[in-house]
Amino acid sequence: MPVDAREYAAALGQYAAGVCLLTVRDDIDDVGTTVSSVMSVSVSPPLVAVGLAAGGYPAEVLEEVGRCGLSVLAVEHAIVASRFSSAGRPSARHLLEAVPWTRAAGSGAIVLVGGLAALDCRLERLVEAGDHVIAFLAVEDVPVVNPDARPLLRLRGRYVHGSGRPITRP
């Protein structure tokens, strides 16, 4: 019996996931997208996997450029996560006007200074997976580690604190 798409999405929404910002710098501009499908694949060599919408602009640019930055977002980045999750967004630099960031040395991609961590990555390969692609990323540097930062989570379709309570806007 086929699984109902809404029931499937509701079931997976029960799983709290960390939220990251994937950014890519090409010859024209910086692009980025919010991702919550991220997992550590290997410590040696350091490798992570990220799920991206198939045919989406960030996935296309990542495939073309072959390098990216991945910032693990902190609670105070809820508005950043919202901005980068909507379609038709402007330049990443424009969306980060009031947010401290720097460029990762290898990829030149934007990474957030105040996140929990940031990874400077090189694309190993893309694998088709239904309506998404899985990007396997070789981690070449860890330019940011903030062990005291509080993680931003996604649960039941909302950004929440580690306690599971929704984040309210100031």
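Just so you know, the residues in each chain are numbered from 1, in the order the chain's sequence is written. Where totals are concerned, whole chains, interfaces and linings use all residues; where local detail is concerned, this predicted model gives features only for residues with pLDDT of at least 70, and gives and counts side-chain atom pairs only at 80 or more. Values shown for side chains rest on all heavy atoms present in the structure; no hydrogens or waters enter the calculation.

S.K.: Hey, could you run me through helix α3 (residues 78-85) in this one?
M.R.: Working note: α-helix, 3.6 residues per turn, so residues spaced by three or four point in the same direction. To sort residues, take the accessible area from a 1.4 Å probe on protein chains only and compare it with the maximum for the residue type: under 20% means buried, over 50% means exposed, and anything in between is partly exposed. Starting at the N terminus, helices and strands are each numbered in turn, a helix being any DSSP run of H or I of at least four residues and a strand any DSSP run of E of at least two. The complete set of buried residues in α3 reads A78, V80, A81 and F84. Here the buried residues of α3 occupy an arc of 160° about the axis, which is enough to place them on one side. Any two residues whose heavy atoms approach within 4.5 Å are treated as being in contact. Of the surrounding elements, those touching the buried residues of α3 are β2 (20-25), β3 (30-35), α4 (92-95), β8 (110-112) and β12 (158-160). Of all possible arcs, the one meant is that of the directions from the helix axis to the C-beta atoms.

S.K.: It is not clear to me how the environment of L116 should be interpreted in this structure. Could you clarify?
M.R.: With respect to the helices and strands, L116 occurs in the loop between β8 and β9 (117-129). Between the C-alpha atoms of L116 and V72, which are 44 residues apart in sequence, the distance is 5.3 Å. Among residues more than four places away in sequence, those in contact with L116 are V72, L73, A74, V144, V145, N146, A149, R150 and P151.

S.K.: Can you help me understand the side chain of D30 in this one?
M.R.: Locating D30 in the fold gives a position in strand β3. Polar contacts, as counted here, are pairs of nitrogen or oxygen atoms within 3.5 Å of one another; within protein the pair requires one atom able to donate a hydrogen and one able to accept it, and residues that are adjacent in sequence qualify only if both atoms are side-chain atoms. A polar side-chain atom of D30 sits 2.5 Å from a polar atom in the side chain of R93.

S.K.: So what exactly am I meant to see when it comes to the layout of surface pockets here?
M.R.: It is the rolling of a water-molecule-sized probe over the atoms that shows where space remains empty. The rule is simple: put a 1 Å grid over the protein atoms alone, call a set of points where a 1.4 Å probe fits but cannot get out a cavity, call an open set with protein on both sides within 12 Å along at least five of seven lines a pocket, and count a residue as lining if it has an atom within 4 Å of a point. Grid points are joined across faces, edges and corners, and a volume is the space filled by probe spheres set on the points. Its boundaries defined by the atoms lining it, the largest pocket holds a volume of some 1,100 Å³. Taken together, 31 residues line the largest pocket, and the ones lying closest to its centre are V35, S36, S37, G51 and H132. In terms of residues, the lining of the largest pocket owes the most to one element, strand β5 (residues 47-53), which gives five residues. For the lining of the largest pocket, a count of residues per class yields 18 nonpolar, ten polar and three charged. Amino acid classes used here: Ala, Val, Leu, Ile, Met, Phe, Trp, Tyr, Cys and Pro are nonpolar; Asp, Glu, Lys and Arg are charged; the rest, including Gly, are polar.

S.K.: Explanation requested: the sheet that holds strand β4 (residues 38-42) in the structure shown.
M.R.: The strands making up a sheet are joined through hydrogen bonds of the backbone, oriented either antiparallel or parallel. For two strands to be treated as a pair, DSSP must find at least two bridges joining them. Ordered in space as β3-β2-β6-β9-β10-β5-β4, the seven strands form an open sheet in which the pairing is antiparallel. Among the strands making up the open sheet, the edge pair consists of β3 and β4. Strand-to-strand twist across the sheet, computed as the mean angle between neighbouring axes with direction ignored, equals 35°. Helix axes use the C-alpha atoms of the stretch in contact, all axes being lines fitted to C-alpha atoms, and the angles between their N-to-C directions lie in the range 0 to 180 degrees. Contacts between α3 and the sheet are confined to β2 and β3, with β3 contributing the most and set at about 110° to the helix.

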